[in-house]
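Structural characterization, general
What follows is the residue order along each chain.
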Amino acid sequence: MNLAVIAGTGALDLFEVLDEFAVNSRYGSPSAPLSRIRIGERHAWFLPRHGKPHAIPPHAINYRANIDILRQSGVDRVVAVHAVGGIDPNLKPGSLVVPDQLIDYTWGRAHTFSDSADDSLAHIEFAEPFSGSTRMALLSAARKAGISVHQSGCYAVTQGPRLETTAEIARLAADGCTLVGMTAMPEAALAREAGLDYASLSVVANPAAGVTDQVISLEEIHRVLGAAMLEVGRLLRDGAGELA
Ligand code: HPA
């Protein structure tokens, strides 16, 4: 497969960069130039979702340009790394999740390539929002690397950039969500529109609001992500043969 890794918060320096390409999109500027990286014995593409350095907030990311440049580059599989909060109390900080479902609570984001009468109209099938084959490849990669991951979960995609209220998290839990982040949508739907097999490797940075009586601290989020992203790097490197 022609693999791309879209990296989230805390994942800028996971891989050796071989080369960089500025790819233009008719949807505007992507978050960053596209990098060619070495990942284990394989090569892959790498795109930092929030830019390099990390500056673009979740609602202002040009998701369409990002997916468009991957499509133009011949990518057919995307592993999207996401920092999330744990709603399910079993999802402790530092744990990894390969979610199988999502609920989209975002608004006002440019969320489709079918945007005008001039574009082809794609009512994509989205019952399973993440690619089954890429999820299975991630689970095999984790087994190869000897890293334990939660094999399913429902990702609530919130607008951000603020974190949620305790009542909002209670509502998301009642809706069936087990983790919460700000960037899986419209990314996953655009990838489906573009014909890319897309799955999320979610990294739990903190218990979501009100799940414990601890106040969420940004310093703590960055500390947890710093350690967990090393595991993400090892999973992708040791499991590169399963993914790329
Ligand atoms: N909520 C939403 N997004 C997040 C969180 C959270 O608690 N932690 C990391 N990304």
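Before reading further, recall that the structure is shown in the block above.
**With respect to the site of the ligand**
As a matter of local geometry, the ligand sits amid Ala83, Val84, Gly85, Leu163, Glu164, Val180, Gly181, Met182 and Asn206. Gly85 is positioned with one of its backbone polar atoms (N or O) 3.4 Å from a nitrogen atom of the ligand. The side chain of Asn206 places a nitrogen or oxygen atom 2.7 Å from a nitrogen atom of the ligand. Here the ligand loses 93% of its free accessible area of 260 Å² to cover by the protein chains. Taken together, the elements giving at least two residues each to the shell around the ligand come down to strand E5 (77-86) and strand E9 (179-181).

**Considering the packing of helix H2 (residues 132-145) against helix H5 (residues 218-238)**
Running from N to C, H2 and H5 cross one another at 100°; their axes reach a closest spacing of 8 Å. Between H2 and H5, the interaxial angle falls into the category roughly perpendicular. On H5, the residues touching Leu138, Ala141, Ala142, Lys144 and Ala145 of H2 are Arg234, Leu235, Leu236 and Asp238. Residue composition of the contact of H2 with H5, by class: six nonpolar, no polar and three charged.

**Overview of H2**
Under the 1.5 Å per step criterion, the end-to-end length of H2 is 20 Å for 14 residues, consistent within 8% with the ideal 20 Å. Taken residue by residue, H2 has Thr134, Arg135, Ala137, Leu138, Leu139, Ser140, Ala141, Ala142 and Ala145 as its buried positions. Check the buried side of H2 and you find it contacts E5, strand E10 (197-207), H5 and helix H6 (240-243).

**Thoughts on the pattern of salt bridges**
All told, the structure shown has ten salt bridges when counted by the stated rule. Notably, a salt bridge pairs Glu187 with Arg49, separated by 2.8 Å at the nearest N-O pair. Of this pair, Glu187 sits in helix H4 (residues 187-193) while Arg49 sits in the loop between strand E4 (42-48) and helix H1 (63-72), and the two are 138 residues apart along the sequence. Each member of the pair, Glu187 as well as Arg49, is classed as buried. The salt bridge partner of Arg234 is Glu231, with a shortest N-O separation of 3.6 Å. Placement of the pair is Arg234 and Glu231 together in helix H5, with a separation of three residues, close to one helical turn. Here Arg234 falls in the partly exposed class, since its relative accessible area comes to 31%. Given the relative accessible area of 31%, Glu231 is considered partly exposed. One continuous salt-bridge network, built from bridges that share partners, spans Glu231, Arg234 and Asp238.

**Structural notes on unusual backbone geometry**
For the peptide bond that leads from Lys52 to Pro53, omega is 0°, which places it in the cis range. Between Gly160 and the following residue, Pro161, the backbone shows a cis peptide bond with an omega angle of -5°. Looking at where Pro161 falls in the secondary structure, it is placed in the loop between strand E8 (154-157) and helix H3 (166-174).

**Section: the packing of aromatic side chains**
Evaluation of the coordinates by the stated rule reveals four aromatic pairs. Geometrically, the ring pair formed by Phe130 and Tyr198 is stacked, given 6.4 Å between the ring centres and 15° between the ring planes. In this pair, Phe130 is assigned in the loop between strand E7 (101-104) and H2 and Tyr198 in strand E10, connecting sequence segments 68 residues apart. Overall, the relative accessible area of 2% leaves Tyr198 in the buried class.

**Remarks on the side chain of Arg135**
Relative to the helices and strands, Arg135 is located in helix H2. Of the side chains bearing the opposite charge, Asp100 lies closest to the buried Arg135, which forms no salt bridge; the N-O distance is 5.1 Å. At 2.6 Å, the side chain of Arg135 forms a polar contact with the backbone oxygen of Gln151.

Procedures and definitions
Starting from 1, residues in each chain are numbered consecutively following that chain's sequence as written. The predicted nature of this model means local features are confined to residues of pLDDT at least 70 and side-chain atom pairs, given and counted, to a pLDDT of 80 or more, with totals for whole chains, interfaces and linings taken over all residues. Only heavy atoms go into the side-chain values, all of them from the structure, while hydrogens and water stay out. For this description, a residue counts as near a given molecule or strand if any of its non-hydrogen atoms is within 4 Å of it. Identification of polar contacts relies on pairs of N or O atoms within 3.5 Å, with a donor-acceptor requirement for protein atoms, meaning one able to donate a hydrogen and the other able to accept it, and with residues adjacent in sequence counted only if both atoms are side-chain atoms. Reported accessibility uses the Shrake-Rupley method at a 1.4 Å probe radius. Residues are deemed covered only where the shown protein chains occlude them. A helix here means a DSSP run of H or I that spans at least four residues, while a strand means a run of E at least two residues long, and both kinds are numbered starting from the N terminus. Structural elements are reduced to axes, namely lines fitted to C-alpha atoms, with helices fitted over the stretch in contact, and the angle between N-to-C directions of any two is expressed from 0 to 180 degrees. Orientation labels follow simple angle bins: below 35 degrees gives roughly parallel, above 145 gives roughly antiparallel, 65 to 115 gives roughly perpendicular, and whatever is left gives oblique. Only heavy atoms matter for contacts: two residues are in contact if any of them lie within 4.5 Å across the pair. Polarity classes work like this: nonpolar for Ala, Val, Leu, Ile, Met, Phe, Trp, Tyr, Cys and Pro, charged for Asp, Glu, Lys and Arg, and polar for all others, with Gly in that last group. Helices are assigned an expected span. That span is 1.5 Å times one less than the residue count. Three labels apply to residues, based on accessible area from a 1.4 Å probe with only protein chains included: buried if under 20% of the type maximum, exposed if over 50%, partly exposed otherwise in between. Between Lys or Arg on one side and Asp or Glu on the other, a salt bridge is scored when a side-chain nitrogen of the former is within 4 Å of a carboxyl oxygen of the latter. Aromatic rings from Phe, Tyr and Trp, taking only the six-membered ring of Trp, are treated as a pair when their centres fall within 6.5 Å; an angle between ring planes under 30 degrees marks them as stacked, one over 60 as edge-to-face, and anything in between as tilted. In this tally, Asp and Glu contribute negative charge and Lys and Arg positive charge; neither His nor the terminal groups of the chain are included.

Keep in mind that these numbers describe shape and distance, not what the molecule does.
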